Every structure is written in structure tokens, then in C-alpha cells.
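Fold and geometry: a report
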Amino acid sequence: VPQGSSGIQPPAQAPAPAFGSGSHASSGGS
Amino acid sequence: VKAPSTGSARATFAALGTTAVVVVTEPRRLDRAEQILREVLDAIDLACSRFRSDSEISGLHAHAGRTAPASALLTDALAVALRAAAVTDGLVDPTVGAAVRAWGYDRDFASVVPDVALVERPGPAPGWWRVTVDERRREILLPRGVHLDLGATAKAYAADLAAGRAARETGCGVLVSLGGDVAVAGRGPADGWRVAVGDDHATAGDQPADLVTVQSGGLATSSTTRRTWRRGGRPVHHIVDPRTGDQAPPVWRTVSVAAGSCVDANTASTAAIVLGAAAPDWLAVRRLPARLVSTDGGVTTVAGWPADTRPGGHVQGVAA
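Bear in mind the structure is a predicted one, so any value in this text is a computation, not a measurement. (Residues numbered from 1 in each chain as written. Chains lettered and ligands numbered in written order. Predicted model: local features only at pLDDT ≥ 70, side-chain atom pairs only at ≥ 80, totals over all residues. Heavy atoms only, no water.)

Turning to the nonpolar core, a few remarks are in order. Residues and elements named next belong to chain B. Counting residues in each nonpolar core, the largest one holds 51 residues, and the members touching the most others are L37, L150 and V176. At 10 residues, the largest contribution of residues to this core is made by helix α5 (residues 151-170). Apart from the residues lying within four places of it in its own chain, the contact partners of V176 are V21, V22, L37, A159, A162, A163, D181, V182 and A183. Counting residues in hydrophobic clusters, the runner-up holds 26 residues, among them V255, I273, W282 and A290. (Core = buried A, V, L, I, M, F, W, Y, C linked by side-chain atoms within 4.5 Å. Buried < 20%, exposed > 50% of the residue type's maximum accessible area, 1.4 Å probe, protein only. Helix = DSSP H or I, 4+ residues; strand = E, 2+ residues; numbered from the N terminus. Contact = heavy atoms within 4.5 Å.)

Moving on: the pattern of salt bridges. All names here are of chain B. With the rule as written, the count across this model stands at 9 salt bridges over all chains. Of the charged contacts, one joins D210 and R291 as a salt bridge, the two residues approaching to 3.2 Å between their closest N and O atoms. Of this pair, D210 sits in strand β10 (residues 210-214) while R291 sits in strand β15 (residues 290-294), and the two are 81 residues apart along the sequence. Neither D210 nor R291 differs from the other in exposure class; each is buried. (Salt bridge = Lys/Arg side-chain N within 4 Å of Asp/Glu carboxyl O.)

Residues and elements named next belong to chain B. The buried count for strand β8 (residues 181-185) comes to 5 of 5 residues, which makes it a mostly enclosed element. Neither face of β8 is exposed, since D181, A183 and A185 on one face and V182 and V184 on the opposite face are all buried. Pairing geometry for strand β7 (residues 174-178) and β8, over 5 bridges, is antiparallel. Bridge assignment links V174 to a residue of β8, and that residue is A185. (Pairing = 2+ DSSP bridges.)

This next bit is on the confidence of the model for chain A. On average, residues of chain A score 76 in pLDDT, and 73% of them are at 70 or above. Segment residues 1-5 of chain A: pLDDT under 50, and 12 contacts once partners within four positions in sequence are set aside and those in other chains are kept. (pLDDT = per-residue confidence, 0-100.)

Attention now moves to the pairing of strand β11 (residues 217-223) of chain B. Residues and elements named next belong to chain B. In terms of residue burial, β11 counts as a mostly covered element, since 7 of its 7 residues are buried. Here β8 pairs with β11 via 3 bridges, running antiparallel. In the strand pairing of β11, V184 is matched with G217. Sheet topology note: the β11/strand β14 (residues 252-259) ladder contains 6 bridges and is antiparallel. Across the sheet, A220 pairs through a bridge with V257, a residue of β14.

Here you go:
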């Protein structure tokens, strides 16, 4: 499995759930 | 999209056939960050757009078969695309250009012809390994007949580049989103950047969607429901399987992935669409947190992506 500098780098931290309203940005299909 | 809860400021404008967003944690640094983003986008478009006859990549196609000098930006963008191909074993391949054009995506998306007959069934991509990039000498050798499409990675690369440059120069936290491909850099908000994840980046903030926070790196979403048209009466989207030249299978509506950079997130989300049913395991072994929405709306989360928080959302988790 490619990892590290020669592979796809995982995030330092997984996304965490956020509750309530308001967001800085949206990620959807493009 | 509603105003963020922190003291941040944002600017939104049209670019690269999509929507560009820049958010900063210091409102008075917004103008400078926007200027940096606009400069990066102008430069990327001039280097990498296959829709512009005056772009550097169009010149490269005209000189196929001969070693050609290239700008640092095109050299880097192509190196990034070839690396994406290498680490996905060709699931994401920049030599897919001829197939993408054959399916009809041969001009800026807003101008794609809605439906005509499919002239010729596209074949497999010639293969990324046939393209030679000398990063030190800034030279590219594109074999004759190979057409590049850097669309899958150039936009994400631009987001990483602009976010990093703006954060360094302004000294504040910066988020850049290009059509929903998100890069963050610098010191962000204390509770992380809040990103609404949905099927459509233009409406994800308004529709019921996952709301997550990211602290660093990138988050990208690939979709088979955006940028669609018809050929020969058949629905067509913009993600082609380079191994066959055919449309990627209709398994996932959208795949969102978090990774160490926007380029890596975009590479993985595109690869996941191409992989279809095998995608959750592929993402899990690489420890890439992801949210996959099937064509019937079922949500699968992978490798630590938070369980679906939408009312009525049903989740099928895959362990990392």
C-alpha cells in the first residue's frame, strides 16, 4: 500500500463532527 | 452559505469554470489573500487549460513528439498529475484527455453540447508512463497522439498552492475552496474549519449535509451528478476510467475524502469514483477518512469519517 511521501498522505487528523449551523466552505460535487 | 461563527472573512468569485472561495481568520488580510488566489488561478489557467488555444498545455500538444521547454508551474502541475497516476496505479491518469474529449467534454463546461451522437467509442488512455517530465531542466516530452487532461489534479494543486502562499504571506489561517476542493493552511480557527459536505458544492451549505471540521490538509469531493450531459441519448459525466476509456461505473453519486493535501484528497476521491464498489476498502487501507454516497443515497463512512449526522441519514461504516 503506497503511503508516506511516495503515496497518498492521510490527514494529520480525521474530520470531526460539527454541530449547529454556519460553515466556512462547502465541499460538493464539481 | 451562512456566515461562519468565527471572526473570519470570505470572498467568493467565479474562476476556472467553477466557484472560488477564500476565507481568512484575519478579516483585514482578506484582500491580500484574494489577490494571491486570483494570481494563482490566472497562472494555472494559462498553463494548464485545455480549453484555451493560448495556454501552455495547448502549445505542448502542438509540439507533441519533441522535447519542449516548460514553465515551472506547468512542470510542477504535470509532475503532480503523474504522481497521482503512479500512486493510484493509473486509476487517475492525465493521458485520459482524448477519451474525455471523445465523450464531449471538449470545451469549457458551460459550453458543452447537450446531446449529439457519440462519434467514436473512446479507448483506454495511452498511459501516464509515456509522458516524460524533467523537473530539474523543466522539459516535457509528450508523445504524439497523447492528450493531457490535468483537470483532476490541477485545480486541487492550485488550491494547495494558493492556501499555502496566502497563509505564509498574511500570517493568518487561510481556507481556499475551488468548486468544493478545499485546502487549508496556517493557523485555522480554534475549533477547526467548518465544511459542509454534500452532493453539490453550490448548495451543500443550504441542503441537509454533513457538517465537519478539518484542521489541516485538504478535503475534496468527486461527483458523477455534477458536470453531466448526454451522448447518444445516454447520460454522461466527466469522470472516465482511464483503463477502459469508458464512463466510471455508476456506484457512487459523490465521494468526499480528507487527506494531507487537497491534491491527495482529490486524487483519492477521483480514484474512488473510478473504483466503484471496491472504493471503501481501498480508502480504508490507506487510512483516508471518506464519505461515500451511493446512487440510491445510502451513506458509507470510512477510516474515521464521522457518522452521518443528518436527520434520517443511515450509515454503513467501514473500519480503518
